[in-house]
Amino acid sequence: MISMSEAVDAILSSAGVLETAEVELDSAYNSVLAEDVESDIDIPPFTKSAMDGYALKALLTMDVPVILRAGPIVAAGETYECRPAGSGEQADDDAECIKIMTGAPVPEGLESVVKVEDTEPLPDGRVKFFDKTTAGQNICYRGEDVRKGDVVLEKGTRIRGPEIAALASVGKFRPRVYKKPAVGIISTGRELVEPSVQPGEGKIRNSNGPMLTSLAASLGCESEYFGIADDDEDVLRRFIQKGFQKDVLLLSGGVSMGDYDLVPDVLKNEGAEILFHKVSIKPGKPLLFAKKDKCCIFGVPGNPVSNFTTFYAFVKPAIYKMMGREDHELDFIDGFLTQDFENSSGRLYLAPSKCSIIDARYHVTPHLLSGSADITGCTKSNCLLMIEKGPFKIKKGEKAKILLLGD
Ligand code: AMP
Ligand code: MG
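Here, residues in each chain are numbered from 1, in the same order as that chain's written sequence. As a convention, the first chain written is A and the first ligand written is 1, with the rest following in written order. Two thresholds apply to this predicted model, a pLDDT of at least 70 for residue-level local features and 80 or more for giving and counting side-chain atom pairs, whereas whole-chain, interface and lining totals are computed over all residues. With hydrogens and water set aside, each side-chain value is computed from the structure's full complement of heavy atoms.

### Notes on the sheet that holds strand β9 (residues 119-121)
Link 1 in the chain: The three strands lie next to each other as β5-β10-β9, forming an open sheet whose pairing is antiparallel. The open sheet has two edge strands with one neighbour each: β5 (66-68) and β9. Along the sheet, successive strands turn relative to each other by an average axial angle of 25°, direction set aside.
Link 2 in the chain: Relative to strand β10 (residues 127-129), β9 runs antiparallel, the two being bridged by three bridges. The residue of β10 that forms the bridge with proline 121 is valine 127. Strand pairing is defined by DSSP finding a minimum of two bridges between the two strands. For helices the rule is a DSSP run of H or I covering at least 4 residues; for strands it is a run of E covering at least 2, with both sets numbered from the N terminus onward. Angles run from 0 to 180 degrees between N-to-C directions of axes, and those axes are lines fitted to C-alpha atoms, restricted for helices to the stretch in contact.

Set out below in structure tokens:
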């Protein structure tokens, strides 16, 4: 039986980064950029006011308080017509300052903007200024954020809110990104009924199908749920053949030692190469990984807790790598136990746990589960606690590695 790190290595070395595609900006969230992106303009494209106020020549406030004549208002999106004193040859002598709104272009030659809150309008239309101003005050200069031709986002950047805004600002409305894997999900098991159905005798609800579908969605992947496959070779074969069309196929259940755990044999007969079957972890020992052409196939053990933990420890890094994420490797960090915990199994323990930050440290409380089927006992998990293979005891207050689930 291979170790967890050997299994993760095997998965990551056979899961390749997917090809690239140009996508609409509003569907680019959570994708990884596959190109450097340059700006096609200076940003801001013109020198503009950072405040609602009055633009003027700084010199005019040498002796304050001072009362100045104001020209007409320049609103954002408009261009100015009035050129007040000091703003150049065609100065409009009637105006010594200009009322200006945030985002409006500042007439050339005017050096500062005084916030409207720091002024007092007089009944005759003039404005009183109380403080000296300095050149550049409340002005955003053309190109001060970005120059035309600057690389604003590098290949490999993960796209989130500010990146979407940056792409929009530089006119990159169809960025080239790595494709996200298309995920197929099959629940196997004759005992399963869908969640809307009241389970009859000997039946249980399919909780893994909806969980895997939503976990794939949480990573930004589109998935297709193929339904429940009976524990029957012909039925499984038909489901699996459809699943091979996907980049990632998640087969829940049917990979253990039971007489009706048919997934490994059907996969082999259908030409998939089994890279490993069984990993020295608890829960999730029967985990299987196989490859058929470009399709990465995970046989995830049917017990819901194993389904949950193996998704995070094995499936997620593969999906991240395929979608071009440079941070796809598992990142275990230190946590401190809030209670004693014992791993009596001879396998590495991945315990669904809840952690919280107190005094800049992660404090970790493993869930006390009645067994690997107890998924309702995991409902507040936000990390997996990793305890080395037992027999091994860890005491309250001691350090252990945790994997944050991150959503
Ligand atoms: P298996 O891996 O198929 O041997 O299943 C192990 C255990 O998990 C059995 O008790 C199954 O009934 C249960 N199980 C399998 N698939 C699911 C599922 N989709 N949802 C909930 N429980 C499941
Ligand atoms: Mg089964």
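### Examining a negative patch on the surface
Link 1 in the chain: Patch construction takes residues with relative accessible area above 30% that form no salt bridge. Like charges are linked within 9 Å, and nonpolar side chains (Val, Leu, Ile, Met, Phe, Trp, Tyr) are linked within 5 Å. Exposure was quantified through the Shrake-Rupley algorithm and a 1.4 Å probe, taking into account, for residues, occlusion by the shown protein chains and nothing else. Any Lys or Arg side-chain nitrogen found within 4 Å of a carboxyl oxygen on Asp or Glu counts as a salt bridge. In this count, Lys and Arg are taken as positive residues and Asp and Glu as negative ones, while His and the chain termini are left out. To locate a charge, take NZ of a lysine, CZ of an arginine, CG of an aspartate or CD of a glutamate. Residues Asp36, Glu38, Asp150 and Glu154 make up a contiguous surface patch of negative charge.
Link 2 in the chain: Residue classification places aspartate 36 among the partly exposed positions, given a relative accessible area of 46%. Per-residue accessibility, obtained with a 1.4 Å probe over protein chains only, is compared with the maximum for each type, and a residue is labelled buried under 20%, exposed over 50%, and partly exposed between these values.

### With respect to the pattern of salt bridges
Link 1 in the chain: Under the defined criterion, the tally for this structure stands at 19 salt bridges.
Link 2 in the chain: The partner of arginine 237 in a salt bridge is glutamate 233, and the shortest N-O contact between them spans 3.8 Å. Of this pair, arginine 237 and glutamate 233 both sit in helix α4 (residues 233-243), separated by four residues, roughly a single helical turn.
Link 3 in the chain: The partly exposed category is assigned to arginine 237, whose relative accessible area is 24%.
Link 4 in the chain: In this structure glutamate 233 comes out as partly exposed when scored by relative accessible area, which is 37%.
Link 5 in the chain: Among the salt bridges present, the one from aspartate 327 reaches arginine 325, with a minimum N-O distance of 2.7 Å.
Link 6 in the chain: Among the charged side chains, a network of salt bridges with common partners joins Glu22, Glu24, Arg174 and Arg176.

### Notes on the sheet that holds strand β21 (residues 288-292)
Link 1 in the chain: Read from one edge to the other, the open sheet built from six strands follows the order β17-β14-β18-β22-β21-β19, with strand pairing classed as mixed. The sheet is open, and its two borders are formed by β17 (223-229) and β19 (273-277), each paired with just one other strand. Pairs of neighbouring strands in the sheet enclose a mean axial angle of 15°, with direction left out of account.
Link 2 in the chain: Pairing of β21 with strand β22 (residues 295-300) involves five bridges; the strand directions are antiparallel. Bridge pairing in β22 links alanine 290 to isoleucine 297.
Link 3 in the chain: Strand contacts of helix α3 (residues 208-218): β14 (183-188), β17, β18 (248-252) and β22, with the helix running at about 165° to β14, the strand carrying the most contacts.
Link 4 in the chain: Only heavy atoms matter for contacts: two residues are in contact if any of them lie within 4.5 Å across the pair. Sitting on the sheet, α4 is in contact with β14, β17, β18 and β22, with an inclination near 175° to β17.

### Some thoughts on the site of ligand 1
Link 1 in the chain: Around ligand 1 lies a shell of 17 residues, among which Glu191, Asn206, Ser207, Gly254 and Gly302 are the nearest.
Link 2 in the chain: Glycine 254 has a polar backbone atom sitting 2.9 Å from an oxygen atom of ligand 1.
Link 3 in the chain: A distance of 3.2 Å is found between an oxygen atom of ligand 1 and a backbone nitrogen or oxygen belonging to asparagine 303.
Link 4 in the chain: Considering ligand 1 on its own, with 480 Å² of exposed area, one finds that the protein chains cover 79% of that surface.
Link 5 in the chain: All amino acids are sorted into three groups, where Ala, Val, Leu, Ile, Met, Phe, Trp, Tyr, Cys and Pro are nonpolar, Asp, Glu, Lys and Arg are charged, and the leftover types, Gly among them, are polar. Its residues assigned to classes, the shell around ligand 1 comprises four nonpolar, ten polar and three charged. We call a residue near a molecule or strand when any one of its heavy atoms sits within 4 Å of it. In protein, a polar contact means a hydrogen-donor-capable atom and an acceptor-capable atom, both N or O and within 3.5 Å, with residues adjacent in sequence counting only if both atoms are side-chain atoms; elsewhere, any N or O pair within 3.5 Å suffices.

### Observations regarding the packing of helix α1 (residues 4-14) against helix α6 (residues 304-322)
Link 1 in the chain: Contact geometry of α1 with α6 gives a least axis separation of 9 Å together with a crossing angle of 30°. Here α1 lies roughly parallel to α6, going by the angle between them. Note on packing geometry: the crossing formed by α1 with α6 is right-handed. Residues Met4, Ala7, Val8, Ile11 and Leu12 of α1 form the contact with α6, whose participating residues are Ala313, Phe314, Pro317, Ala318 and Lys321.
Link 2 in the chain: Class assignment for the residues of the contact of α1 with α6 results in nine nonpolar, no polar and one charged. Here the word oblique covers every angle except those under 35 degrees (roughly parallel), over 145 (roughly antiparallel) and from 65 to 115 (roughly perpendicular). Two helices crossing with the near one rotated counterclockwise from the far one by less than a right angle form a left-handed crossing, whereas a clockwise rotation gives a right-handed crossing.

### Looking at the environment of aspartate 234
Link 1 in the chain: You can see aspartate 234 is positioned in helix α4.
Link 2 in the chain: For the pair aspartate 234 and leucine 251, spaced 17 residues apart in the sequence, the C-alpha separation amounts to 15 Å.
Link 3 in the chain: Within the structure, aspartate 234 has its side chain in polar contact with the side chain of arginine 237 (distance 2.7 Å).

### Notes on the packing of aromatic side chains
Link 1 in the chain: Pairing of aromatic rings covers Phe, Tyr and Trp, the last through its six-membered ring, and needs centres within 6.5 Å; plane angles under 30 degrees mean stacked, over 60 mean edge-to-face, and all others mean tilted. Applying the stated criterion across every chain yields a total of six aromatic pairs.
Link 2 in the chain: With 5.0 Å between their ring centres and 50° between their planes, phenylalanine 289 and phenylalanine 298 make a pair best called tilted.
Link 3 in the chain: Look at phenylalanine 298 and you get buried, because its relative accessible area is 0%.
Link 4 in the chain: Summarising the aromatic geometry, the rings of phenylalanine 341 and tyrosine 349 are spaced 5.3 Å apart at their centres and angled 75° between planes, so their arrangement reads as edge-to-face. Side by side, phenylalanine 341 and tyrosine 349 carry an identical accessibility label, which is buried.
Link 5 in the chain: Here the aromatic residues Phe276, Phe289 and Phe298 are joined through ring pairs into a cluster of three or more.
Link 6 in the chain: The cationic tip of lysine 242 hangs over the ring face of phenylalanine 239; the distance from NZ or CZ to the ring centre is 5.7 Å.
Link 7 in the chain: A cation over a ring is seen here: arginine 361 above phenylalanine 336, with NZ or CZ 3.9 Å from the ring centre. Throughout this description, the term charge over a ring refers to an Arg CZ or Lys NZ atom that lies within 6 Å of the ring centre and within 35 degrees of the ring normal.

### Quick notes on unusual backbone geometry
Link 1 in the chain: Omega for the peptide link from isoleucine 43 to proline 44 comes to -5°, which places this bond in the cis form.
Link 2 in the chain: Position of proline 44 among the secondary structure elements: in the loop between β2 (37-38) and β3 (48-49).
Link 3 in the chain: The omega angle of the peptide bond from glycine 390 to proline 391 is 5°, so this bond is cis rather than trans.
Link 4 in the chain: As for its placement among the helices and strands, proline 391 is situated in the loop between β27 (383-387) and β28 (392-394).
Link 5 in the chain: We note that asparagine 30 has phi near 75°; this positive angle belongs to a residue other than glycine.
Link 6 in the chain: Its place among the elements puts asparagine 30 in the loop between β1 (20-22) and β2.
Link 7 in the chain: With phi around 60°, alanine 360 is a residue other than glycine that occupies positive phi space.
Link 8 in the chain: With respect to the helices and strands, the residue alanine 360 is situated in the loop between β25 (348-358) and β26 (361-366).

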